[in-house]
Amino acid sequence: LAKTTQPISMDSYEGQEVNITCSHNNIATNDYITWYQQFPSQGPRFIIQGYKTKVTNEVASLFIPADRKSSTLSLPRVSLSDTAVYYCLVRSSARQLTFGSGTQLTVLP
Amino acid sequence: GAGVSQSPSNKVTEKGKDVELRCDPISGHTALYWYRQRLGQGLEFLIYFQGNSAPDKSGLPSDRFSAERTGESVSTLTIQRTQQEDSAVYLCASSLGGSGGYTFGSGTRLTVV
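Conventions we followed
Residues numbered from 1 in each chain as written. Chains lettered and ligands numbered in written order. Predicted model: local features only at pLDDT ≥ 70, side-chain atom pairs only at ≥ 80, totals over all residues. Heavy atoms only, no water. 1 Å grid on protein atoms, 1.4 Å probe; cavity = no way out; pocket = protein on both sides within 12 Å on 5 of 7 lines; lining within 4 Å. Points joined across faces, edges and corners; volume = space filled by probe spheres on them. Helix = DSSP H or I, 4+ residues; strand = E, 2+ residues; numbered from the N terminus. Disulfide = S-S within 2.5 Å. Buried < 20%, exposed > 50% of the residue type's maximum accessible area, 1.4 Å probe, protein only. Polar contact = N/O pair within 3.5 Å; in protein donor to acceptor, adjacent residues only side chain to side chain. Contact = heavy atoms within 4.5 Å. Phe/Tyr/Trp six-rings, centres within 6.5 Å; stacked < 30°, edge-to-face > 60°.

1. Regarding the layout of surface pockets
Each pocket or cavity is described by its volume, and for the largest pocket that value is around 550 Å³. Taken together, 27 residues form the lining of the largest pocket, with B:Q37, B:R38, B:L39, B:G40 and B:Q41 sitting closest to its centre. Elements with a minimum of two residues in the lining of the largest pocket: β8 (84-91) and β9 (103-108) of chain A together with β8 (88-95) and β10 (108-112) of chain B.

2. Thoughts on the state of the cysteines
Residue and element names in this part refer to chain A. Under the defined criterion, the tally for this structure stands at 2 disulfides over all chains. Across a sulfur-sulfur distance of 2.2 Å, C22 and C88 are joined as a disulfide pair. Looking down the S-S bond of the C22 and C88 bridge, the torsion is -80°, so its handedness is left-handed. Of the two residues, C22 is situated in strand β2 (residues 18-23) and C88 in strand β8; the sequence distance between them amounts to 66 residues. Look at C22 and you get buried, because its relative accessible area is 0%. Exposure remark for C88: the relative accessible area of 1% places this residue in the buried category.

3. Remarks on the side chain of B:S75
Residue and element names in this part refer to chain B. Inspection of the secondary structure puts S75 in strand β7 (residues 75-79). Here the side chain of S75 touches W34 through a polar contact of 2.9 Å, side chain to side chain. Leave out the neighbours within four places in its chain, and S75 touches L21, R22, C23, L32, W34, F49, E68 and R69.

4. Describing the packing of aromatic side chains
As enumerated under the stated definition, the model contains 11 aromatic pairs over all chains in all. Residues B:Y33 and B:Y48 carry aromatic rings whose centres are separated by 5.0 Å and whose planes lie at 15° to one another, so their mutual orientation is stacked. Here the residue B:Y33 occupies a position in strand β4 (residues 31-37), and B:Y48 occupies one in strand β5 (residues 43-50), the gap between them amounting to 15 residues. Both residues of the pair, B:Y33 and B:Y48, belong to the buried class. Pairing B:Y35 with B:F104 gives two aromatic rings, centres 5.9 Å apart and planes at 50°, and the pair type is tilted. Note that B:Y35 is positioned in strand β4 and B:F104 in strand β9 (residues 103-104), a separation of 69 residues in sequence. A network of ring pairs unites the aromatic residues A:Y36, A:F46, B:Y33, B:Y35, B:F45, B:Y48, B:Y102 and B:F104 as a single cluster.

Right under this line is the structure:
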């Protein structure tokens with residue numbers, strides 16, 4: 001089981017780029033890295049998933065170094081509405097165990 | 001439907017009573033999961049269904065918790081003899097299986113008084 005470690009909280013200002021790093025030292029060969037966003041009183045929402053190098057979609061970018069022992073979620077030009085908890089998840093199949101405590105991102109005006 | 005639907009959205013029950021929570025996954029999603037989220041905490045895995053395979057119940061915290069799923073459709077999570085520590089948001093998610101992302105419902109907020 002690949003355990004993940006993320007900062008508990010981060011603060012940023014509107015318009016800045018935010019990078020949240022997740023450590024997963026014992027990631028397995030078949031594991032994917034997935035990030036979710038959760039607003040209060042809502043279920044988590046899928047943001048992005050990757051296996052190696054860089055993945056970009058309309059919301060975020062995911063950077064994964066060659067050793068895959070960490071990953072960085074990058075949110076460009078954040079706004080107040082990006083204030084949420086962000087979870088990093090490592091999994092190799094549909095089966096899943098436990099999400100970590102996530103990173104509380106607070107975007108300040 | 002277009003998303004994962006959970007009912008009820010809120011449930012207040014007395015300690016010792018049984019409760020049943022319902023999840024309607026996205027049509028065609030073979031995998032279904034239940035998670036529990038206590039206030040201010042991360043998500044705690046409870047149980048996982050994949051097609052007609054035996055469910056993975058390894059996350060259920062006690063024998064008061066059980067879940068069923070009919071084929072690849074509706075699932076119910078039952079908590080018997082509820083305790084105050086059962087108070088939490090219960091989230092259901094479904095996926096196509098494999099390494100695809102989950103789609104979560106909005107959850108059922110259970111309060112045991």
